[in-house]
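Observations on the model geometry
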Amino acid sequence: MRLGPATPSARRLPPHRPRPAPYSERCSPGLRVSPALGPAPEDVERRGGRLSKMKVTLSALDTHESSFTPLVVIELAQDVKEETKEWLKNRIISKKKDGGAQLLFRPLLNKYEKETLENQNLYLVGASKIRLLLGAEAVGLVKECNDNTMRAFTYGTRHTFKGFDDDNDDFLTMAECQFIIKHELENLRARDEKMIPGYPQAKLYPGKSLLRRLLTSGIVIQVFPLHDNEALKKLEDSWYTRFTIKCQPTDSIRGYFGETIALYFGFLEYFTFALIPMAVIGLPYYLFVWEDYDKYVIFASFNLIWSTVILEVWKRGCASMTYRWGTLVMKRQFEEPRPGYHGVLGINPVTGREEPLYPSYKRQLRIYLVSLPFVCLCLYFSLFVMMIYFDMEAWALGLHESSGSEWTGILLYVPSIIYAIVIEIMNRLYRYAAEFLTSWENHRLESAYQNHLILKVLVFNFLNCFASLFYIAFVLRDMKLLRQSLATLLITSQILNQVVESLLPYWLQRKHHMQVKRKVQALKADIDATLYEQVVLEKEMGTYLGTFDDYLELFLQFGYVSLFSCVYPLAATFAVLNNLTEVNSDALKMCRVFKRPFAEPSASIGVWQLAFETMSVISVVTNCALIGMSPQVNALFPESKADLILIVVAVEIHGRLKETALGRPSAESDV
């Protein structure tokens, strides 16, 4: 990514805007300035006294450049008062010592253009190269040094880092630059203000994040990073525009979208390759033992090993990737209270800061007296729907046995298809209810909010998707119906996810894109049409809400394959085929359907690692039980069937739970 002036093709400046003088000519007299980096070190030592190099360099920064590469867009509400706009602008461009962010800031449209076009309260934020380097030090970015070690970047030792040069604009990735700007905006804090100017109802207190208050008050509509069209085109060419089976460009994805997105695509790629052995073994197993539903012991035994090994191998690969990216050894940032957190203003006994305080016992009461009963009620309703499904299955089977026609044979699959669609609808409706309840519980930290939300969603989705399969396997003991139900649920859910998550949003986005293009082409004003079109188009795109739904889809797929694929060996084959298209549809979704998300440094896939390991434990137990129920094992132990199953399952539960629990850190306190 280039941090200098934008290229003419992507960021064309209007002819009436004068280009600013070079940075070295605008700096304070008496300081010799490198064109790219600012004051030379010897001048810092001569003028700085007891001030650090960072402080002296920051004081020399000019925040009034009218021409810069826009990295982030801030959209304000249409009726925002002028005094509020001026106050926000001053806080963004003011020097750090005065409580500002010391960034570059300008409106998308100047006064002349606003008179020509409809008024758009859109503002562009950027930063000079030196400001980004100092910000990289402030957030603790880890970079590789010339001696091949990984260390936190510092501006004073910048020349010891691999790839750094005064004339090199690619030392920081674009994702890192936008993450730095987001960090600086979020750390704009109230000093002596009691309210946001022009909005007395928007109260402030010392230390309160201004951006969070502006967002919760509706003054700021959204803050989002801009795409770099040239870099995006290069990424698309190497990623998904050619439908070929190849490795994911995880390093390029990380450079453009950040570590969290890159880890998801890395895990998706790894999981797809890990499914191939299951598919290779399952295909001939399915073809040659198709009608013998009881000969699944060998495949179930392979399932036991596979579901355990792949997660251990992933942990090593994940650690290798994140170490290379510098996030494995990156110091964890202090976590601020989440935007929706509310309470009585007081002093936090841990941080010593003034912030809203909410008693922990009230939160626990909400969880155990409201959320838990609601989740249990939803689980009961899910089981009730499941029993209706079995009534439909019995009706379809009775109809087929009485007539025996081809049409009634097709009708046998209809109850499973309807049930699969109902499951997807129930999962999505429950997701909204879970988000509302988790927000109402008023968790202080975003990590605590996410952990409680994931727990609620996983419990319901697991029961909703797999309860019928467990009932068929261990209560009805009908392996033919189990195979039919597993195949229908897996294939139907994959088709629905592809349509709802990728194809439909892409079609809607293309339609909106054409409308914006026609509108811009009709303009006769002298404006930077390319930049205007890009910003207006991107601000209307949907917001990417994170990798939650993507990991959830893989989690359920892992469950379908690892739990019962021994009775339907084609499950892994269908999962591989789905994931080959999923990689491309998710890539399309990230690049063309949603706004570009801010990068978030990550050292692992987080709580999802524990979720997959828990599913692995359940898979081992399930396959052991299926082995114990098989005719082959019953022939060896004819008089100890139940005892054998219980012993095998108990040993596996004890061993796997002990292994999963080892090394697990305790959850972060919500206090």
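Residues numbered from 1 in each chain as written. Predicted model: local features only at pLDDT ≥ 70, side-chain atom pairs only at ≥ 80, totals over all residues. Heavy atoms only, no water.

1. Some details on a nonpolar patch on the surface
A cluster of nonpolar side chains, Tyr361, Leu365, Tyr368, Leu369, Val370, Leu372, Phe436 and Trp440, forms an exposed patch at the surface whose accessible area comes to about 870 Å². When residues of the nonpolar patch are traced back to their parent elements, those giving at least two are helix H13 (360-403) and helix H15 (414-440). The element contributing the most residues to the nonpolar patch is H13, with six residues. Within the fold, leucine 372 resides in helix H13. Classification of leucine 372 by relative accessible area gives partly exposed; the value is 43%. (Patch = residues over 30% accessible without salt bridge, like charges linked within 9 Å, V, L, I, M, F, W, Y side chains within 5 Å. Areas by Shrake-Rupley, 256 points an atom, 1.4 Å probe, with all protein chains shown as cover. Salt bridge = Lys/Arg side-chain N within 4 Å of Asp/Glu carboxyl O. Helix = DSSP H or I, 4+ residues; strand = E, 2+ residues; numbered from the N terminus. Buried < 20%, exposed > 50% of the residue type's maximum accessible area, 1.4 Å probe, protein only.)

2. Observations concerning the pairing of strand S11 (residues 344-347)
Two strands pair when backbone bridges link them, and S11 and strand S12 (residues 354-357) are joined in this way by four bridges, in the antiparallel orientation. Of the residues in S12, the one forming a bridge with leucine 345 is proline 356. Counted along the chain from S11 to the antiparallel partner S12, the turn is six residues long, and its residue glycine 352 has a positive phi close to 75°. (Pairing = 2+ DSSP bridges.)

3. Brief notes about the packing of aromatic side chains
Applying the stated criterion to the full structure yields 33 aromatic pairs. Both rings, one in tyrosine 256 and one in phenylalanine 257, keep their centres 4.9 Å apart while their planes meet at 75°; by these two values the pair is edge-to-face. Look at phenylalanine 257 and you get buried, because its relative accessible area is 1%. Pairing tyrosine 389 with tyrosine 419 gives two aromatic rings, centres 4.5 Å apart and planes at 10°, and the pair type is stacked. One end of the pair, tyrosine 389, is in helix H13; the other, tyrosine 419, is in helix H15, and 30 residues separate them in sequence. Relative accessible area serves as the criterion here: at 3%, tyrosine 389 is assigned to the buried category. A relative accessible area of 4% places tyrosine 419 in the buried class. (Phe/Tyr/Trp six-rings, centres within 6.5 Å; stacked < 30°, edge-to-face > 60°.)

4. Some remarks on helix H16 (residues 446-476)
In a regular helix each residue adds 1.5 Å, so 31 residues correspond to 45 Å; H16 covers 43 Å between its end C-alpha atoms and thus fits that length. Of all the bends found along H16, the most pronounced is centred on phenylalanine 466 and spans about 50°. (Expected span 1.5 Å × (residues − 1). Bend = angle between axes of the 7 residues up to and from the residue.)

5. Quick look at the confidence of the model for the protein
Averaged over the protein, the pLDDT score is 79; the fraction of residues at 70 or greater is 77%. Low pLDDT, under 50, characterises residues 1-53; the predicted model gives this stretch 104 contacts beyond four residues in sequence or across chains. Here residues 663-671 is a poorly scored stretch, pLDDT under 50, and it has 14 contacts once near neighbours within four places are set aside; other chains count. (pLDDT = per-residue confidence, 0-100. Contact = heavy atoms within 4.5 Å.)

6. Examining the nonpolar core
Ranked by size, the top nonpolar core spans 101 residues in total, and within it Trp239, Phe257, Trp306, Phe555, Phe564 and Trp608 carry the most contacts. Of all the elements, helix H11 (residues 259-288) adds the most residues to this core, at 14 residues. Once residues lying within four places of it in the same chain are set aside, the contact partners of phenylalanine 564 are Leu469, Phe470, Ala473, Phe474, Leu482, Leu486, Gly559, Thr622 and Leu626. Counting residues in hydrophobic clusters, the runner-up holds 54 residues, among them Val72, Ile130, Phe179 and Ala190. (Core = buried A, V, L, I, M, F, W, Y, C linked by side-chain atoms within 4.5 Å.)

7. Some details on the packing of helix H19 (residues 548-564) against helix H21 (residues 607-629)
It is at 8 Å that the axes of H19 and H21 come closest, and there the two elements cross at 15°. By the angle between their axes, H19 is roughly parallel relative to H21. H21 is crossed by H19, and the crossing has right-handed handedness. Residues Phe548, Tyr551, Leu552, Leu554, Phe555, Phe558, Gly559, Ser562, Leu563 and Phe564 of H19 form the contact with H21, whose own contacting residues are Trp608, Ala611, Phe612, Met615, Ser616, Ile618, Ser619, Thr622, Asn623 and Leu626. Class assignment for the residues of the contact of H19 with H21 results in 14 nonpolar, six polar and no charged. (Axes fitted to C-alpha atoms, helices over the stretch in contact; angles between N-to-C directions. Parallel < 35°, antiparallel > 145°, perpendicular 65-115°, else oblique. Left-handed = near helix turned anticlockwise from the far one by under 90°. Nonpolar A, V, L, I, M, F, W, Y, C, P; charged D, E, K, R; others polar.)

8. Thoughts on the pattern of salt bridges
A side chain of one charge can pair with a side chain of the opposite charge when the charged atoms of the two come close. This structure, assessed with the given rule, holds 22 salt bridges. When the shortest N-O distance is used, the salt bridge between glutamate 184 and lysine 96 registers 2.9 Å. You can see glutamate 184 sitting in helix H7 (residues 174-186) and its partner lysine 96 sitting in the loop between helix H4 (82-93) and strand S4 (104-107), a full 88 residues away along the chain. Here glutamate 184 falls in the buried class, since its relative accessible area comes to 4%. Relative accessible area serves as the criterion here: at 36%, lysine 96 is assigned to the partly exposed category. It is possible to trace a salt-bridge network through shared partners that takes in Lys143, Glu176, Arg254 and Glu259.

9. Structural notes on the sheet that holds strand S5 (residues 122-126)
Strand order in the open sheet made by the four strands is S4-S5-S3-S10, with antiparallel pairing throughout. Both outer strands of the open sheet, S4 and strand S10 (220-225), are each paired with one neighbouring strand and no more. On average, each strand axis in the sheet is inclined to that of its neighbour by 20°, with strand direction left out of account. One ladder, built from five bridges, connects strand S3 (residues 72-76) with S10; its direction is antiparallel. Bridge pairing links valine 72 to proline 225 in S10. Helix-sheet contacts for H7 involve S3, S5 and S10, and the interaxial angle to S3 is about 40°.

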